[in-house]
2 protein chains.
Amino acid sequence: MSKAVTNSVSARGPADHEVRDQIVVAATEHFSRYGYEKTTVSDLAKAIGFSKAYIYKFFESKQAIGEMICANCLRQIEAEVRAAVDEADRPPEKLRRMFKAIVEASLRLFFQDRKLYEIAASAATERWQAALAYEERIRKLLQDILQEGRQTGDFERKTPLDETVMAIYLVMRPYLNPLLLQHSFDYTDEAPAQLSGLVLRSLSP
Amino acid sequence: MSKAVTNSVSARGPADHEVRDQIVVAATEHFSRYGYEKTTVSDLAKAIGFSKAYIYKFFESKQAIGEMICANCLRQIEAEVRAAVDEADRPPEKLRRMFKAIVEASLRLFFQDRKLYEIAASAATERWQAALAYEERIRKLLQDILQEGRQTGDFERKTPLDETVMAIYLVMRPYLNPLLLQHSFDYTDEAPAQLSGLVLRSLSP
DNA sequence: ATGGTGACCATAATACATATTGGTCACGTG
DNA sequence: CACGTGACCAATATGTATTATGGTCACCAT
């Protein structure tokens, strides 16, 4: 599963070390089973058979560990979204798939990995690096699709690209951001189709 | 100020009664100064010089009083939005004004009447009648603008009206709903213009 | 009827003492 | 130097005893 990419902010001590991976594995297990709050750093230490102090040789805080797990989780969602986008070959359909996949992946996180979802929600509220980076990557993906659509002639070219990206991003945000998603459950069935429709109409040349 | 329209659900006992108004006035004062939670029903009773029990002759619960105050508050926002819309005469501009006014009015509630804002947020979370009715009225306003735009030829007519209304409503929701607004502060400057732009492009015939 | 209340109850909020927890550091070991 | 830890501290979390609050009801007065 997790090929934990060494993250700048959460790292400390030896970058590539077996124990670091053990910590991540244990944390993933504990956080997703018992939740972030209920898991203590000592629990993780016990799980890997070292002392609590040793953990702090690898991560500078409990939150840093949380960020790592959260980042993995968001990267997985992103991967699913990218996969869905790649299934289509024309930009309009790519956009539709992107929207649909985002909603589906986020909902699955909520319903099947509630505890991890809660971490992601905290990450969004407190603007952890992991959450910001995820947003940025999704935005980039969106931009790529739009750019491609402009080249193929599927999308209009008058509106400044940045503006279009921003606007569509804002449309997607309630379903991307775990915090907002919670308050949009009533609409998750219809929203992807309806909003994709609106967005595509707005993009027609 | 408040010509409190007698609401179906929150009412009880004599519909049009001086004491009912006194309660509403006292509650508006107390709730907006000390907050909904910190205000006790006894406080309201003391403020109007009656016993707590007497208050329950007019409202069936503390929440019912909260709903009344919240409803007034939301009606005021709605009035502002309607006023802003009426200033424009062509549907596209009406839409722009609507979006802008919603954001402005909601932000003002947040920053200048925080305590009332919190009630509105609860109303949204717990789906009080007041909040649902507000949403419905805003939706109706949106529909009216769209319908007018279709008649004047400013807006396209192919997409089913209901679908368009729903989609645009979903676009506005993060700025309408007090709960969501909190998490969209970063975008309240740009969002109205950018999203109005996108929506209007999607409506072009 | 209409106007009005004190006494009462179950539940929720508060306050406070106690125990955990996140985090550090000096210090051992090979 | 790389590996590893127990003892320690401030701050937060938790359990619990107590109080305050929402809400009702029987009852009195006009």
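Residues numbered from 1 in each chain as written. Chains lettered and ligands numbered in written order. Predicted model: local features only at pLDDT ≥ 70, side-chain atom pairs only at ≥ 80, totals over all residues. Heavy atoms only, no water.

A. Region of the structure containing the overall build of chain A. What chain A contains, in helices and strands, is 10 helices and zero strands. For chain A, the sequential pattern of α-helices and β-strands runs α-α-α-α-α-α-α-α-α-α. The principal-axis extents of the C-alpha atoms in chain A amount to approximately 60 × 35 × 25 Å. In chain A, of all internal contacts separated by at least 6 residues, the share reaching a separation of at least 24 is 69%. Within the structure as shown, chain A displays about 9,700 Å² of accessible surface, and the carbon and sulfur contribution to it stands at 49%. Of the charged side chains in chain A, 28 are positive and 29 negative; the average position of the first set lies 2 Å away from that of the second. (Helix = DSSP H or I, 4+ residues; strand = E, 2+ residues; numbered from the N terminus. Contact = heavy atoms within 4.5 Å. Areas by Shrake-Rupley, 256 points an atom, 1.4 Å probe, with all protein chains shown as cover. Lys, Arg positive; Asp, Glu negative; His and termini not counted. Charge placed at Lys NZ, Arg CZ, Asp CG, Glu CD.)

B. The environment of A:Leu176, seen in detail. All names here are of chain A. By the secondary structure assignment, Leu 176 is in helix 8 (residues 161–176). Judged by its relative accessible area of 4%, Leu 176 is buried. When sequence neighbours within four positions are dropped, the list of residues in contact with Leu 176 reads Ile 102, Ser 106, Tyr 134, Ile 138 and Tyr 169. (Buried < 20%, exposed > 50% of the residue type's maximum accessible area, 1.4 Å probe, protein only.)

C. Representation of the nonpolar core within the structure. In this structure, A:Leu95, A:Met98, B:Leu95 and B:Met98 are the most contacted members of the largest nonpolar core, which totals 144 residues. Each residue touching A:Met98, except ones within four places of it in the same chain, is listed here: A:Val81, A:Val85, A:Ile138, A:Leu141, A:Leu142, A:Ile145 and A:Met172. (Core = buried A, V, L, I, M, F, W, Y, C linked by side-chain atoms within 4.5 Å.)

D. Region of interest: the packing of aromatic side chains. The final tally for this structure, using the stated rule, is 18 aromatic pairs over all chains. Here a set of aromatic residues connected by ring pairs shows up, and it is made of A:Phe110, A:Phe111, A:Tyr117 and A:Phe185. One cation-aromatic arrangement involves A:Arg20 over A:Phe59; the distance from NZ or CZ to the ring centre is 5.2 Å. Positioned above the aromatic ring of B:Phe110, the side-chain terminus of B:Arg114 is 3.9 Å from the ring centre. (Phe/Tyr/Trp six-rings, centres within 6.5 Å; stacked < 30°, edge-to-face > 60°. Lys NZ or Arg CZ within 6 Å of the ring centre and 35° of its normal.)

E. The arrangement of the relation of the copies chain B and chain A in detail. The two copies are related by a screw motion: chain B maps onto chain A through a turn of 180° and a shift of 0.0 Å along the axis, at an RMSD of 0.0 Å. The operation mapping one copy onto its partner corresponds to a two-fold rotation axis. Rotation axis and chain B: the residue whose C-alpha lies nearest the axis is B:Ser202, separated from it by 1.8 Å. Here 100% of the interface residues in chain B have copies in chain A that are interface residues too; the copies meet face to matching face. (Least-squares fit on C-alpha atoms with pLDDT ≥ 70 in both.)

F. Layout of the protein's contact with DNA strand D. Taken together, 16 residues are adjacent to DNA strand D, and A:Ser51, A:Tyr54, B:Val41, B:Lys52 and B:Lys62 come closest. Among atoms of DNA strand D positioned within 4 Å of the protein, sugar and phosphate together represent 57%. Taking A:His17, its side chain carries an N or O atom lying 3.5 Å from a phosphate oxygen of DNA strand D. Contact distances for DNA strand D include 2.8 Å between a phosphate oxygen and a backbone N or O atom of B:Val41. (Near = heavy atom within 4 Å. Polar contact = N/O pair within 3.5 Å; in protein donor to acceptor, adjacent residues only side chain to side chain.)

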